[in-house]
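# Secondary and tertiary structure notes
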Amino acid sequence: MKKWVSFLLSVLLLLALFGCGSPVGTQGGNGSSGGASEQMFLTIATGGSSGPYYTIGGALAKVYKDKLGYNASVQSTGASVENVNLLKAKKVDMAFAMSDVVTFAYNGQESFKESGAIKDLRAMAGLYLNYVQIITLKDRNIKSVTDLRGKRVGVGAPNSGVEVNARMVLAGHGLTYDDITPDYLSYAEAVEQLKNNAIDAAFVTSGLPNATVLDLMTTADVEIVPIQPADVDKLAAEYPFFVKAEIPAGLYNNDQPVPTAAIRNIMLVRSDLSEEQVYKLTKTFFENLETLQEAHNAAKKISLEEAGKNLVIPLHAGAEKYYKEMLGN
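Read on for an overview of the structure. (Residues numbered from 1 in each chain as written. Predicted model: local features only at pLDDT ≥ 70, side-chain atom pairs only at ≥ 80, totals over all residues. Heavy atoms only, no water.)

With that out of the way, let us pick up the packing of aromatic side chains. To describe a pair of aromatic rings, you give the distance between the ring centres and the angle between the ring planes. Here the structure, examined in full by the defined rule, presents 13 aromatic pairs. Seen in terms of ring centroids, Phe241 and Phe242 are 5.4 Å apart; in terms of plane orientation they differ by 45 degrees. Their pairing is tilted. Just as Phe241 is buried, Phe242 falls in that class too. When the centroid spacing of 6.0 Å and the interplanar angle of 70 degrees are considered together, the rings of Phe286 and Tyr323 count as edge-to-face. Of this pair, Phe286 sits in helix α9 (residues 275-287) while Tyr323 is found in helix α12 (residues 317-327), placing the two residues 37 residues apart along the sequence. Like Tyr323, Phe286 is buried. Taken together, the aromatic side chains of Tyr279, Phe285, Phe286, Tyr322 and Tyr323 make up a single cluster linked through ring pairs. Positioned over the ring face of Tyr106 is Lys119, at 4.1 Å from the centre of the ring. The residue whose ring lies beneath Lys321 is Tyr279, and the NZ or CZ to ring-centre distance is 4.9 Å. (Phe/Tyr/Trp six-rings, centres within 6.5 Å; stacked < 30°, edge-to-face > 60°. Buried < 20%, exposed > 50% of the residue type's maximum accessible area, 1.4 Å probe, protein only. Helix = DSSP H or I, 4+ residues; strand = E, 2+ residues; numbered from the N terminus. Lys NZ or Arg CZ within 6 Å of the ring centre and 35° of its normal.)

A few words now on the sheet that holds strand β7 (residues 181-183). Strand order in the open sheet made by the five strands is β7-β6-β8-β5-β9, with mixed pairing throughout. Each edge of the open sheet is held by one strand with a lone partner, namely β7 and β9 (222-225). Mean inter-strand twist for the sheet, computed between neighbouring axes without regard to direction, equals 30 degrees. Looking at chain direction, strand β6 (residues 152-154) and β7 are connected through three bridges and run parallel. Note that in β7 the partner of Val153 across the bridge is Pro182. (Pairing = 2+ DSSP bridges. Axes fitted to C-alpha atoms, helices over the stretch in contact; angles between N-to-C directions.)

This brings us to helix α5 (residues 161-172). Relative to the 16 Å expected for 12 residues at 1.5 Å per residue, α5 spans 17 Å between its end C-alpha atoms, a close match to the ideal helical length. With respect to burial, α5 is a largely interior element, nine of its 12 residues being buried. Among all positions in α5, only Gly161, Val162, Glu163, Val164, Asn165, Ala166, Met168, Val169 and Leu170 are buried. Phi turns positive, to about 75 degrees, at Gly174, one or two residues after α5. (Expected span 1.5 Å × (residues − 1).)

Here we take up the environment of Leu86. Looking at the element boundaries, Leu86 is found in helix α3 (residues 80-88). The exposure class assigned to Leu86 is buried, which follows from its relative accessible area of 12%. Through-space distance from the C-alpha of Leu86 to that of Ala45 is 7.9 Å; in sequence the pair is 41 residues apart. Setting aside residues up to four positions removed in sequence, Leu86 forms contacts with Ala45, Gln75, Thr77, Lys91 and Val92. (Contact = heavy atoms within 4.5 Å.)

To continue, consider the pairing of β9. Covered by surrounding structure in β9 are Val222 and Ile224 together with Glu223 and Val225, the residues of both alternating faces. Where strand β5 (residues 134-137) and β9 come together, four bridges link them in antiparallel fashion. Along β9, the bridge assignment pairs Leu137 with Val222.

To continue, consider the packing of helix α4 (residues 99-107) against α5. In the contact formed by α4 and α5, the axes pass within 9 Å of each other and the chain directions differ by 90 degrees. The orientation of α4 relative to α5 falls into the category roughly perpendicular. Contact residues: Asp100, Val101 and Phe104 in α4; Gly161, Val164, Asn165 and Met168 in α5. Of the residues contributing to the contact of α4 with α5, the split by class is four nonpolar, two polar and one charged. (Parallel < 35°, antiparallel > 145°, perpendicular 65-115°, else oblique. Nonpolar A, V, L, I, M, F, W, Y, C, P; charged D, E, K, R; others polar.)

This brings us to unusual backbone geometry. Here Leu208 and Pro209 are connected by a cis peptide whose omega angle stands at -15 degrees. Here Pro209 is to be found in the loop between β8 (201-203) and α7 (211-217). For Glu110, which is not a glycine, the phi torsion comes out positive at approximately 50 degrees. Examined against the element boundaries, Glu110 turns out to sit in the loop between α4 and β4 (122-131). Positive phi outside glycine occurs at Asn141, with the angle close to 55 degrees. Within the secondary structure, Asn141 sits in the loop between β5 and β6. According to the relative accessible area criterion, Asn141 is exposed, its value standing at 54%.

Structural data, given as structure tokens:
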């Protein structure tokens, strides 16, 4: 009997020890340290498996595994809106998202009206621009955004940043979903539907180039629908995260640059990760930026000098510490 009691006490002691060693601590709203231990499991929310988020996220997970010894993995998702909700629920630790969705989440607008503002969102880094690429086929005779009226249009996957900015771009041209036949499609699904003549155009908002658009070019004559600078200015007056941009000549067999709108991407991080850990995550990210750039051309537009500037939400304290150390500001 004594041996049995001793065994039970030993088991209870072990359970108590493991319970005290939880991987993540409770911290302040800006990600202050609070004495938390380092979390060795890391999940990065990305996007569809054919998009830049997933490609760059996969390379980043490998960097964190190789350099920091983390059990790091990526999760394919519907992208920005879903990623923010996963981060809020603490089902992922880092997430890619577009600035428009992050703005709405932080302020409790659009897709986040019912759930309310998420004020503990924190940024690790500003990334590259996502370009609004409205793709169609040349035989559809769609030359402007207003030509989408009455057409079947892929507007992005459900709970994606693509779908959010599709609605905004259409609204900026006096259109709503009542004026088109919207189809909620991922990049890959939209391209397949264009190939099958099931839709007439699609929003493919991403970094450049988008692999699915390149794939479509191998079997069809692709055309990029322009968004004129004056129309981007109108959008930016209401939504300051929109900026004027151009899709370079030759990228998609286009003879001339195509004017469009763009939105900056942000790497989000859980606010309750310690300052020390997010400092390490940020430092390792930039010390291995070349590896990410080799994974996808879009990452070539990520700049250490700009990563901590002009963000729509506060920086995590650990990221802020790294930028101050490197840039002195």
